[in-house]
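Each chain is listed here by its residues.
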Amino acid sequence: MAVLAYTRLIQSSGPVIAVATATLRKVVTVWLSYVLFPKPLLPIHAFSGLLVLAGGFMREDFVPVLF
């Protein structure tokens, strides 16, 4: 069922929007995991988040997309 929904999303909106949607869904899932099941937020978590953001800014053609 999920594969069918993802395939339809690709067909209707294009692959870039489908990948962005899937990535956003994963981010929200991890965030909800910390909200619903409290865990200690260690400095390594903040550091890894900064590395992910830095990777995005290192691209020459980086243009943030706001939905």
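Residues numbered from 1 in each chain as written. Predicted model: local features only at pLDDT ≥ 70, side-chain atom pairs only at ≥ 80, totals over all residues. Heavy atoms only, no water.

## Section: the layout of surface pockets
Okay, step 1: Taken as a whole, the second largest pocket holds about 160 Å³ of empty space.
Okay, step 2: Contributing to the lining of the second largest pocket are Lys26, Val27, Val30, Trp31, Tyr34 and Leu41.
Okay, step 3: Within the lining of the second largest pocket, the residues separate by chemical class into five nonpolar, no polar and one charged. (1 Å grid on protein atoms, 1.4 Å probe; cavity = no way out; pocket = protein on both sides within 12 Å on 5 of 7 lines; lining within 4 Å. Points joined across faces, edges and corners; volume = space filled by probe spheres on them. Nonpolar A, V, L, I, M, F, W, Y, C, P; charged D, E, K, R; others polar.)

## Regarding a nonpolar patch on the surface
Okay, step 1: Nonpolar side chains collect at one region of the surface, where Leu24, Val27, Val28, Trp31, Leu32, Val35, Leu36 and Phe37 lie side by side and expose about 810 Å² of accessible area between them.
Okay, step 2: By relative accessible area, which is 37% here, Val28 ends up partly exposed. (Patch = residues over 30% accessible without salt bridge, like charges linked within 9 Å, V, L, I, M, F, W, Y side chains within 5 Å. Areas by Shrake-Rupley, 256 points an atom, 1.4 Å probe, with all protein chains shown as cover. Salt bridge = Lys/Arg side-chain N within 4 Å of Asp/Glu carboxyl O. Buried < 20%, exposed > 50% of the residue type's maximum accessible area, 1.4 Å probe, protein only.)

## Description of the confidence of the model for the chain
Regions with low pLDDT should not have their predicted coordinates read in detail.
Okay, step 1: Here the chain averages 84 in pLDDT, while 87% of its residues score no lower than 70.
Okay, step 2: The element-level mean pLDDT for the chain is lowest in helix α3 (residues 43-57), coming to 85, with helix α1 (residues 2-13) highest at 91. (pLDDT = per-residue confidence, 0-100. Helix = DSSP H or I, 4+ residues; strand = E, 2+ residues; numbered from the N terminus.)

## Observations regarding the packing of aromatic side chains
Okay, step 1: This structure, assessed with the given rule, holds zero aromatic pairs.
Okay, step 2: For the cation-ring pair, Lys39 lies above Tyr34, with the distance from its terminal atom to the ring centre recorded as 4.8 Å. (Phe/Tyr/Trp six-rings, centres within 6.5 Å; stacked < 30°, edge-to-face > 60°. Lys NZ or Arg CZ within 6 Å of the ring centre and 35° of its normal.)

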